[in-house]
Amino acid sequence: MILAGCNGDEPDVRADVPVIEAWIDSGGHPAVMFTSAITPDPEGGDLMDKMIRWGKVTISDGEREVVMTGARSNDHFPPYRYFTAEILGEPHKNYRITADYGSMHAESVCYMHEPTPIDDITFTADSDNDTLRSTTLHFTAPDDVPAYYYLTIRDSESTAGSLPALMGCKEATVAGEHVTIPVFNSKQNYKVEHFVAQLRIGQSAVVSLHRVTKEVYEFWRAYDDAVMFSENMLLGSNASLPTNISGGLGVFSARATSSKFITVK
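Calculation criteria
- Residues numbered from 1 in each chain as written.
- Predicted model: local features only at pLDDT ≥ 70, side-chain atom pairs only at ≥ 80, totals over all residues.
- Heavy atoms only, no water.
- Helix = DSSP H or I, 4+ residues; strand = E, 2+ residues; numbered from the N terminus.
- Areas by Shrake-Rupley, 256 points an atom, 1.4 Å probe, with all protein chains shown as cover.
- Core = buried A, V, L, I, M, F, W, Y, C linked by side-chain atoms within 4.5 Å.
- Buried < 20%, exposed > 50% of the residue type's maximum accessible area, 1.4 Å probe, protein only.

> Any details on the overall build of the chain? Residues and values, ideally.
From N to C terminus, the chain includes one helix and 16 strands. When the accessible surface of the chain is split by element, carbon and sulfur atoms take 49% of a total near 12900 Å².

Written out as structure tokens, the structure reads:
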């Protein structure tokens, strides 16, 4: 997310612009990654200097407010996050986060919908490669359309958290309609290894269908486009991504989540 806070066309962007990546799942606890935006600099710099380790981050569910604890987290990048076990995600609540450090202040409010169940995840043989499978997630659109979704995927062999699946954004507009989303691996352009989008036979993963607000959906759709069409997240976009963060950049995703463990066959 700190990479998405860049803007290559404006080298005079203030370095004290906060960048937030935050999420809370239904049935899960919140997490916040709090950094400052990167200003492209020909002399370079240490990305870790953008991590904010001593900020004050709070979350409220409308009934109580909790100050979150900051700690190192090697399962995330950058490797630091704020967390609390005192708040549990519940549908039909508005969640509010605030983040403060020095002169920086950012906040966001996000509503959590009711989760949409996953009907099935199916596999189809790939005619060009017998070790890969075309994978598709199926669900039924809820009554209160339009409804907005994005997918995340977590490889069971990795200790890292879930990551946005490539091309995993979908808008459902017809109540009761059968909806499908292709399931691909997550792509991170800062990684140097060869990327394979399709899932391989024998791969085990947790696939999650997140229903989110339109604002959150628009962020992840723009993020997906940036990853698809750019080889470098630092320089691949002429404008910052859409945001639901007041006073900063990034996204706070209150996610109504349904998950399914799969082994690709």
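Back to the write-up after that little detour.
> Account for the nonpolar core, with residues named and values stated.
In terms of nonpolar packing, the biggest core is built from 39 residues, with Ile20, Ile24, Ile59, Tyr82, Trp220 and Phe252 touching the most fellow members. The biggest single contributor to this core is helix α1 (residues 214-229), with six residues. Counting 20 residues, the second largest nonpolar core, distinct from the first, contains Phe139, Ala141, Ile181 and Leu199.

> Report on unusual backbone geometry, specifying residues and quantitative values.
Across the junction of Val145 and Pro146, the peptide omega takes the value 0°, indicating a cis bond. If you trace the backbone, Pro146 turns up in the loop between β10 (129-140) and β11 (147-155). Even without being a glycine, His92 presents a positive backbone phi close to 70°. Considering the arrangement of structural elements, one finds His92 in the loop between β6 (80-83) and β7 (94-101). Residue Met167 is not a glycine yet carries a positive backbone phi of 60°. Note that Met167 resides in strand β12 (residues 163-172).

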